[in-house]
Amino acid sequence: MTLRKKLAVSTIAASVALTALAGIPLSSKGLAEKLGANGIAYASSSLENSQVVTDIKKLYNALVSTGGLDAVKALQNALNALDIHKKGDIVAPIVDKLDPLHLKETQLENLFYDAVALSYNPSVEGLDALRTNYGSLLQSFATEANAGEMTVDDIAQYFFDIQKELVDQVGSKDLSDLLDIMTDSASLQQLMRDVLAALPQNEYKIQKVFLHYGVNTNDVIAVLSEARTEVEDNKFTAAAAALFKAYNSLQTPTDSNSGTGTSVVALPASTTKLLDELKAALDKATEAEKAAIITKFVTDAQAEIAKLATINASSNVSSVNGQAVLQLNETSVLSLISGINVVAAKVNELAPASALPKTTLKIDLGTVTLKDVVLNLSDAAVKAAAAGHISGAAFTVNKFEVTLPVGGSFSSALALTVKKTDATAAVVGNLKAVSEVYDFSLTIGGAAKTSFDKPILIGLPLGDTTGLDQELLSVAKIVDGKLVFHGGRVSGNSIIENRDSFSSYVVVENKVSFSDLAKVEAWAGREITVVAAKGAIEGKSEGKFVPQDKVTRAEFAKMLIRALDLENGSATETFADVDSDDWFAPYVSAAAQLKIINGRSETKFDPNATITRAEMATMIARALKVSRGATDVADVNAALKGFADAGNINATLKDGVAFAASHNIVVGNAGKFLPKNNATRAEAAVIIYRALKFDK
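Residues numbered from 1 in each chain as written. Predicted model: local features only at pLDDT ≥ 70, side-chain atom pairs only at ≥ 80, totals over all residues. Heavy atoms only, no water.

1. Digging into the overall build of the chain
The test is simple: Secondary structure is summarised from DSSP: a helix means a run of H or I of at least four residues, a strand means a run of E of at least two, and numbering begins at the N terminus for each. Buried, partly exposed and exposed residues are distinguished by accessible area as a fraction of the type maximum, computed with a 1.4 Å probe on protein chains only: under 20%, between the cut-offs, and over 50%, respectively. By definition in these notes, contact holds between two residues if any of their heavy atoms fall within 4.5 Å. Per-residue accessibility takes into account occlusion by the displayed protein chains alone, with areas from the Shrake-Rupley method and a 1.4 Å probe.
For the chain, the helix and strand inventory stands at 26 helices and 17 strands. When burial is assessed residue by residue, the chain has 50% of its 696 residues classed as buried. Put simply, 78% of the contacts in the chain that link residues at least 6 apart link residues at least 24 apart. Working note: accessible area of the chain is about 31000 Å², and carbon and sulfur atoms make up 50% of it.

Printed below as a string of structure tokens:
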């Protein structure tokens, strides 16, 4: 092979290595299209069943099953978001070598980015579109290089030959070694040379194109280096790591029961059957029939995901030192997660408008006689779930339920210990307890955690509630021997509560009485009693509620956050007039983080200012969207037309007022809404009570 031909092959090898490491998976378009060198007619009828397409699909599925698809898509989105002029600057070292006219230059730049986008969602239709849009342009360059007619398969086969060699060589390295190579140009170039030296010395048609235009390794490095400069480097690193795992899963299958090495997680048989049946149906369907087939598949996919997400774990519970310990079979769990990921991805591919929301694993331990339970989710399972289509894991033990999220700070092995003891008078005093005392402790990655950036949902089973007022039942946190009330929502025979920290909890009937409610008893008495029982509102002094006092912004933030179960101890704010040790600081922080309430300016919250009825309605609307999935009113003007003073409502508050009014959460008076009137404590309690009753 001549030196010039070796240079051309080296360019390809360098390009493939760099694109793989930069997070651009190779497909049948490959680098040649990115460089404007694949000109080239091909027979699409033979493409669909080609080895190239098979390899593309394998890579895509590997990214899904190893949880890496989001990372490579994030890189694609970052590249696509760049300004068109910046894109032109990035690809200039390559495009300039082709010496195109101005129009062709713009088309080549567009081609580069269209090809990148297509490589993340490969399809026969997409390849056809690329050929249609750029075929004649590319053929002009191929003709100039005397390359003749080349098929996509001709080019792609060369790319995959190099790609396979690249994967073989990096497959013996661990992820840390790979990332070191990425950040060291000398090591990266040595890897390229090693890949080139191992390739068979064959002649590939694509060599002629690169040889003719003199595109060299340095040009490719310049393009990708500039791309990394313009996009956050961590996106490239994350995408590279994702591709490494995906490639490795395809190239190094091992015994999944061995506990070592990188294993290919087998899909559940039912998932494989579902996908095979879909493919068979689509292969023989007419275009008119395909829509109905896809619609049925979406329904079947939902059922498959629901089935995979439901795990009977009774056989995985053992007694260890007086505790019931759950230890799931990791291989089985990873298989179920892979099935969920692949099915959800297929729905998103075929019917994007029907994309399925993330699901929760439902893990039922069955009947457990021991009072202490340890719930484990392995590191690999947590990482696979967090990277894929799983939002969390819901464990059921007898009638107790707890849902642990995945992702964020919940990104390594989870171990939750639940201990139950009797609720004695020493714990609850004169109050009536309707549950046992539950004590929780959590470790993440082996480290104990007492507060979290995502809430943990607990469902405490209720005992005998005969003769009790269920609206006055409240989850109480035991702090230094005293009860701090956190509310909760009664659902069937349980009470549901989000927790952003862990301690000991018990459910009690919390009767609260005030001696100054006579004037508001008829329209607010019950509401005040219930909201006070939930710990969302307190008296101004012993036995005094002071119902006619105006509500401050800080007070209403606490009422809303506490009542709707939106506390978040990890939330922070930057208002100059809110100190971290202020009693209202955690509630203002949580409300601000959720965008339920805004400051009066960027730096001022004004916590002691009174709140208007319109502001209160808007905060309620925003909070219910976050906590209960509420949606905006379709026709704001129609919802407000019954108020004579609708014109006095600030434009930024109209959506919230319309929502609150249409759901009878905040009602008017004598045909007016009175948006600028300050709300009283009694009015606030009534509004909070109605929000608690909201059901979308």
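That covers the picture; the talk isn't over yet.
2. What to know about the nonpolar core
Let me state the cut-off plainly: To define a nonpolar core, start from buried Ala, Val, Leu, Ile, Met, Phe, Trp, Tyr and Cys residues and group those joined through side-chain atoms within 4.5 Å.
Core analysis: the biggest nonpolar cluster contains 83 residues, and I363, F440 and L460 have the highest contact counts within it. Looking at this core, the element that brings in the most residues is helix α17 (residues 330–350), giving 10 residues. Aside from chain neighbours lying at most four places away, what touches I363 is I311, A313, L326, L328, A393, A394, F395 and T396.

3. Topic: the pattern of salt bridges
As a reminder, the rule being used: The term salt bridge refers to a pairing of a side-chain nitrogen on Lys or Arg with a carboxyl oxygen on Asp or Glu at a separation within 4 Å.
Evaluated as defined, the whole model comprises 23 salt bridges. Where K296 meets D300, a salt bridge forms, and the shortest distance between an N and an O atom there is 2.6 Å. Placement of the pair is K296 and D300 together in helix α16 (residues 287–309), with a separation of 4 residues, close to one helical turn. The network of salt bridges with common partners includes E497, R499, D500, R562 and E567.

4. Quick word on the confidence of the model for the chain
In regions of low pLDDT, the predicted coordinates are not meant to be interpreted in detail. For clarity, the threshold we go by: In predicted models, pLDDT denotes the confidence assigned by the predictor to each residue on a 0 to 100 scale.
For the chain, per-residue confidence averages 78 on the pLDDT scale, and 69% of positions sit at 70 or higher. In the model of the chain, helix α2 (residues 30–34) stands out as the element of lowest mean pLDDT, 32, in contrast to strand β4 (residues 359–364), which has the highest, 97. In the predicted structure, residues 1–52 sits below a pLDDT of 50 and forms 161 contacts with residues beyond four places in sequence or in another chain. Ignoring residues within four places in sequence, the model shows residues 252–263, a span with pLDDT below 50, making 12 contacts including any to other chains.

5. Side note on the pairing of strand β10 (residues 437–444)
The criterion, for reference: Strand pairing is assigned whenever DSSP identifies at least 2 bridges connecting the two strands.
In the sheet, strand β8 (residues 414–421) pairs with β10 via 8 bridges, with the strands oriented antiparallel. Paired with T421 across the strands is V437, a residue of β10. Relative to strand β17 (residues 504–509), β10 is paired through 2 bridges, and the arrangement is antiparallel. The partner of Y438 across the bridge, within β17, is Y505. Where β10 meets strand β11 (residues 447–449), 3 bridges bridge the pair, whose relative direction is antiparallel. Looking at β11, one finds that T443 is bridged to A448. From the end of β10 to the start of β11, which pair antiparallel, there are 2 residues, and G445 there has a positive phi angle of about 60 degrees.

6. Some words on helix α22 (residues 585–593)
Within the sequence span of α22, burial applies to A585, Y587, V588, S589, A590 and A591. Packed against the buried residues of α22 are α21 (553–563).

7. As for the environment of A81
Following the sequence through the fold, A81 ends up in the loop between α5 (69–80) and α6 (84–95). Residue A81 is classed as exposed on the basis of its relative accessible area, which comes to 64%.

8. Some remarks on unusual backbone geometry
Residue V546 is not a glycine yet carries a positive backbone phi of 55 degrees. Mapped onto the elements of the fold, V546 is located in the loop between α20 (521–533) and α21. Its identity as a non-glycine residue notwithstanding, K595 has a phi of 60 degrees, on the positive side. Judged by its relative accessible area of 62%, K595 falls in the exposed class.

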